[in-house]
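Coordinate inspection notes
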Amino acid sequence: MSTPTIPVTKTSHSSLPNFNMDEIAFGKNFTDHMLIADYEDGEWKNVAIQPFSPISLDPSCAVLHYGQTIFEGIKAFKNDKGEVVIFRPDQNLIRFNVSADRMQMPAVPEWLFMEGMKQLINLDKDWIPTKPDSSLYIRPFMIATDPFLGVRPSMRYHFMIILGPSGPYFSAPMKILIEQKYTRATPGGVGFAKNGGNYAASLHPVELAKKKGFDQVLWTDAIEHKYVEEVGVMNVMFVIDGKVITPSLERGTVLKGVTRDSAIILLREMGYEVEERNLSVDEIVAAHKKGVFQEIFGVGTAAVVSMIKQLANGDYIMDFDPENMPIAKALKQELHEIRMGRKADKHGWMVKI
Ligand code: COI
């Protein structure tokens, strides 16, 4: 199918002159335009790029009551040559449609996701920050818009893309509590999907951990709270005795992170042994007692590589020196250099606009 032309309505009042590129937070500011499309009668229609603005929803619509909503997080950069590049958006499209399938939502076609994103970024490219650790964060999402209170898959949806200049998600190394009561995901559940409810359900346990002085929790498996799964909203990597270990995806309770996948590929290329497998809290504690638990860090789109300075298993506290995490640092640097065009993009990850 040839790509339909997407009509564009430009804003008459850009907010860019009022935006301070030196003070960029995560997720607070948005560019001048957004993309919106409707799904109705079994097809995507009314695709448009228009000024960023509130949308109106019927108070009875399905997303507001039953949480039928999914999203993605992607990043675009201006590289050293001044080119606008997006990091592995094809992987986010695949995962978006995996999430859509699990939440009984329609697939979004490639042209709508990719062309819509590229055209929107092109229009708002002056918003892409160039400060270290900053990027243009791309948030595609889909919501169910049927005005009906019965519990059934909606027949109408909005697909939207919004963009925001963003700084790092976590600015400082984190203190993490191993979660022993609450659960992020269960086998047969929706842990592998990027649906809003997963994030809503994480808020209460994280607030409880914050009251105890931690920043986030390390999620453990739903059955025994024995095996580690994710940290906060990120995948997690451990360095034990020189080997990198990350929880495997096979139980369907760990999100198939694009940064996780990239990290595994790059770390192996850098000569590290990487294992994707079940990793128990007992093994972690035993490694710490032996003095071979060397590094722990989160990997994700928003946070990229995020150092962890403390991990607590109940009263047993494991401290780490974020300055002494050579593998995490090397990974962060490697990703940065590929994104900036300083190192060859061997895998064709950077999509130019
Ligand atoms: C991302 O890394 O893009 C995420 O999904 C985390 C987000 C919830 C801020």
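About the thresholds
Residues numbered from 1 in each chain as written. Predicted model: local features only at pLDDT ≥ 70, side-chain atom pairs only at ≥ 80, totals over all residues. Heavy atoms only, no water. Domains from an automatic or database assignment. Contact = heavy atoms within 4.5 Å. Buried area = accessible area lost by both parts, 1.4 Å probe. Near = heavy atom within 4 Å. Polar contact = N/O pair within 3.5 Å; in protein donor to acceptor, adjacent residues only side chain to side chain. Nonpolar A, V, L, I, M, F, W, Y, C, P; charged D, E, K, R; others polar. Pairing = 2+ DSSP bridges. Helix = DSSP H or I, 4+ residues; strand = E, 2+ residues; numbered from the N terminus. Buried < 20%, exposed > 50% of the residue type's maximum accessible area, 1.4 Å probe, protein only. Arc of directions from axis to C-beta. Phe/Tyr/Trp six-rings, centres within 6.5 Å; stacked < 30°, edge-to-face > 60°. Lys NZ or Arg CZ within 6 Å of the ring centre and 35° of its normal. Patch = residues over 30% accessible without salt bridge, like charges linked within 9 Å, V, L, I, M, F, W, Y side chains within 5 Å. Areas by Shrake-Rupley, 256 points an atom, 1.4 Å probe, with all protein chains shown as cover. Salt bridge = Lys/Arg side-chain N within 4 Å of Asp/Glu carboxyl O.

**Some words on the domain arrangement of the protein**
Assigned domains of the protein: these are domain 1 (16-167) and domain 2 (174-339). Taking only C-alpha atoms into account, the centre of domain 1 sits 26 Å from that of domain 2. Facing the 22 residues of domain 1 at the interface are 21 residues of domain 2. Taken together, both faces of the contact between domain 1 and domain 2 bury some 1800 Å²; the carbon and sulfur share is 61%.

**What to know about the site of the ligand**
Near the ligand the following residues occur: F26, F71, G73, Y137, R139, Y169, K194, Y199, V233, T301 and A302. Contact between the ligand and Y137: an oxygen atom at 2.6 Å from a side-chain N or O atom of the residue. Between the ligand and A302, the relevant distance is 2.7 Å, taken from an oxygen atom to a main-chain nitrogen or oxygen of the residue. For the shell around the ligand, the residue count by class is seven nonpolar, two polar and two charged. A domain-level breakdown of the shell around the ligand finds at least three residues from each of domain 1 (16-167) and domain 2 (174-339).

**Considerations on the pairing of strand β12 (residues 243-246)**
On a regular strand, one side chain projects to one face of the sheet and the next to the other, so that they alternate. By the bridge criterion, three bridges tie strand β11 (residues 234-240) to β12 in an arrangement that is antiparallel. Within β12, the residue paired with I240 across the bridge is K243. Between β11 and the antiparallel strand that follows it, β12, lie two residues; D241 among them carries a positive phi value of about 55°. Sheet topology note: the β12/strand β13 (residues 274-276) ladder contains three bridges and is parallel.

**Focus on helix α6 (residues 281-290)**
For α6, the complete set of buried residues consists of V281, I284, V285 and A287. Take α6 and look down its axis: the buried residues cluster within an arc of 160°, on one side only. For α6, the exposed residues set more than 90 degrees away from the buried face come down to D282, K289 and K290. Within two residues after α6, G291 carries a phi angle of roughly 80°, on the positive side.

**Some thoughts on the packing of aromatic side chains**
The geometry of an aromatic ring pair is captured by two quantities: the separation of the ring centres and the angle between the planes. Tallied over the full model, the rule gives 14 aromatic pairs. Seen in terms of ring centroids, F238 and F293 are 5.9 Å apart; in terms of plane orientation they differ by 40°. Their pairing is tilted. Linking F238 in strand β11 with F293 in strand β14 (residues 293-300), this pair joins segments that are 55 residues apart in sequence. With respect to class, F238 is no different from F293; both count as buried. Members of the aromatic cluster, joined through ring pairs, are Y39, W44, F96, F113, Y157 and F159. Between K289 and the ring centre of Y316, over which it is positioned, the NZ or CZ distance is 5.1 Å.

**Thoughts on the pairing of strand β15 (residues 304-313)**
Among the 10 residues of β15, nine are classified as buried, and the element is accordingly described as predominantly covered. When strand β8 (residues 174-178) meets β15, the two strands line up parallel, connected through four bridges. Across the sheet, residue L177 finds its bridge partner in β15, namely A312. Of the pairings in the sheet, the one linking β14 to β15 comprises four bridges and is antiparallel in character. In the strand pairing of β15, G300 is matched with V304. Counting the residues between successive antiparallel strands, the hairpin from β14 to β15 contains three residues. In this structure, β15 lies alongside strand β16 (residues 316-319), joined through four bridges in antiparallel fashion. When the bridges of β16 are listed, Q310 appears paired with D319. Linking two consecutive strands that pair antiparallel, namely β15 and β16, is a turn of two residues; a positive phi of about 60° is found at G314 within it.

**Focus on the environment of L93**
Following the sequence through the fold, L93 ends up in helix α2 (residues 89-102). Look past the residues within four positions of L93 in its chain and what remains in contact with it is V108, E110, F113 and M114.

**With respect to a nonpolar patch on the surface**
A cluster of nonpolar side chains, contributed by I55, L57 and L64, occupies part of the molecular surface with about 230 Å² of accessible area. Turning to its location among the elements, L64 is positioned in helix α1 (residues 62-66).

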